[in-house]
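So the chains spell out like this:
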Amino acid sequence: MSHIKKHDLKKDELALWIHDAIEYVKKNPTKLQTYGGIAAGVLIGGIILWSAVSTSIKNVRNQFSQAQVAYQQCVPGEKEGYIKAKDVFSSIVNKYGFSKEAKFARFYKGACCYYLGELDDAKVCFEEFLEKYPKHPLSPSAYCRIGNIHEQKKEFEKAISSYKLVSKNYPQSFEVQEASLSLGRCYQRMGNNLAAKKVYGKIPKNSPWADEARFWWKNL
């Protein structure tokens, strides 16, 4: 077989590329060994990282599922269940902050604190949640919880501000009517019955909060 010269391959780009590659290998064997080692290292590292991430995702999903079940089975007033759930949610936030489950875990950690009577800690959790995930589906509920915490402390102006943010930022959310009821209740407790009536009157009769709105209206 006669030797193929480079100028004979000008009409065949693929053949030319192969020819050049072979010539490069002949002239640079050491470089190729180095590059090959680097490439192999990167590939192995990538496989190890992918395996570790996959394991972490599986672990966090299992932990979150167990904690969520424990939270849903908790009975208000019985602290043990909330304490256990809170510990798991805290662990998920600390160890797997990159995960989707950590977003929900931040909220549920706040909810556990709320039901444990740790209102200041709950408020911090909800505020951190809102700062990180302002457009999350649970954000309206977080604002309602913050408002309720202020309401329990008789900080009615702050509670009103929080409740108003629900209808302002999330007008289509389910929590709007709950926030409206709470807003009216704050006005009423401040002695502003006119404002309270106006808010109660806007709550639809088919709303889940309609009966409670009527109750507060009768007690004006």
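Just so you know, these numbers come straight off a predicted model, no measurement behind them.

A. Structural view of the overall build of the protein. When you go through the protein residue by residue, the secondary structure sums to 10 helices and 0 strands. Ordered by position from the N terminus, the helices and strands of the protein form the series α-α-α-α-α-α-α-α-α-α. When each of the 220 residues of the protein is scored for burial, the buried share is 36%. Counting only contacts in the protein whose residues sit at least 6 apart along the sequence, the fraction spanning at least 24 positions is 47%. Of the roughly 14,400 Å² of accessible surface on the protein, a fraction of 56% belongs to carbon and sulfur atoms.

B. Spatial organisation of unusual backbone geometry. Of note in this structure, Lys 154 is not a glycine but carries a positive phi near 65°. Residue classification places Lys 154 among the exposed residues on the basis of a relative accessible area of 57%.

C. Just the nonpolar core, in detail. Core analysis: the biggest nonpolar cluster contains 50 residues, and Tyr 71, Phe 89, Phe 107, Phe 126, Phe 129, Leu 130 and Tyr 187 have the highest contact counts within it. When contributions to this core are tallied by element, the ones reaching two or more residues are helix 2 (29–72), helix 3 (79–95), helix 4 (100–115), helix 5 (119–132), helix 6 (139–152), helix 7 (156–169), helix 8 (175–189) and helix 9 (193–201). In terms of residue count, helix 4 provides more of this core than any other element does, 8 residues in total.

D. View of the environment of Tyr 82. Of note, Tyr 82 is situated in helix 3. With a relative accessible area of 4%, Tyr 82 lands in the buried category. Sequence separation of Tyr 82 and Ala 111 is 29 residues, and the distance between their C-alpha atoms is 8.9 Å. Leaving out residues up to four positions away in the same chain, Tyr 82 has contacts with Tyr 71, Cys 74, Val 75, Pro 76, Cys 112, Tyr 115 and Leu 116.

E. Structural view of helix 7. An ideal rise of 1.5 Å per residue puts 20 Å on 14 residues; helix 7 measures up with 20 Å between its terminal C-alpha atoms. Residues of helix 7 that are buried in the fold lie against helix 6 and helix 8.

F. View of the packing of helix 8 against helix 9. In the contact formed by helix 8 and helix 9, the axes pass within 7 Å of each other and the chain directions differ by 165°. Compared by their axis directions, helix 8 and helix 9 come out roughly antiparallel. The chirality of how helix 8 crosses helix 9 is left-handed. Mapping the contact onto sequence places Ser 180, Leu 181, Leu 183, Gly 184, Arg 185, Tyr 187 and Gln 188 in helix 8 and Asn 193, Ala 195, Ala 196, Val 199 and Tyr 200 in helix 9.

G. Structural context of the packing of aromatic side chains. All told, the structure shown has 9 aromatic pairs when counted by the stated rule. Look at Tyr 82 and Tyr 115: their rings are 5.1 Å apart centre to centre, the planes differ by 20°, and that puts the pair in the stacked class. Within this pair, whereas Tyr 82 is found in helix 3, its partner Tyr 115 is found in helix 4, the two being separated by 33 residues in sequence. Judged by its relative accessible area of 34%, Tyr 115 falls in the partly exposed class. Ring-pair connections join several aromatic residues into one group, and the members of that group are Phe 89, Phe 107, Tyr 108, Phe 126, Phe 129 and Tyr 133. The lysine or arginine in question, Arg 145, covers the ring of Tyr 114, its NZ or CZ lying 5.4 Å from the ring centre.

H. Broad picture of the pattern of salt bridges. Enumeration according to the criterion identifies 8 salt bridges in this entry. In this structure, Lys 153 and Asp 120 form a salt bridge, with 2.3 Å as the shortest nitrogen-oxygen distance. Taken as a pair, Lys 153 in the loop between helix 6 and helix 7 and Asp 120 in helix 5 lie far apart in primary sequence, 33 residues in all. The partner of Glu 127 in a salt bridge is Lys 123, with the nearest N and O atoms 2.7 Å apart. Of this pair, Glu 127 and Lys 123 both sit in helix 5, 4 residues apart, which is roughly one turn of the helix. Counted as one network, the salt bridges with shared partners bring together Glu 151, Arg 185, Arg 189 and Glu 212.

Calculation criteria
Residues numbered from 1 in each chain as written. Predicted model: local features only at pLDDT ≥ 70, side-chain atom pairs only at ≥ 80, totals over all residues. Heavy atoms only, no water. Helix = DSSP H or I, 4+ residues; strand = E, 2+ residues; numbered from the N terminus. Buried < 20%, exposed > 50% of the residue type's maximum accessible area, 1.4 Å probe, protein only. Contact = heavy atoms within 4.5 Å. Areas by Shrake-Rupley, 256 points an atom, 1.4 Å probe, with all protein chains shown as cover. Core = buried A, V, L, I, M, F, W, Y, C linked by side-chain atoms within 4.5 Å. Expected span 1.5 Å × (residues − 1). Axes fitted to C-alpha atoms, helices over the stretch in contact; angles between N-to-C directions. Parallel < 35°, antiparallel > 145°, perpendicular 65-115°, else oblique. Left-handed = near helix turned anticlockwise from the far one by under 90°. Phe/Tyr/Trp six-rings, centres within 6.5 Å; stacked < 30°, edge-to-face > 60°. Lys NZ or Arg CZ within 6 Å of the ring centre and 35° of its normal. Salt bridge = Lys/Arg side-chain N within 4 Å of Asp/Glu carboxyl O.

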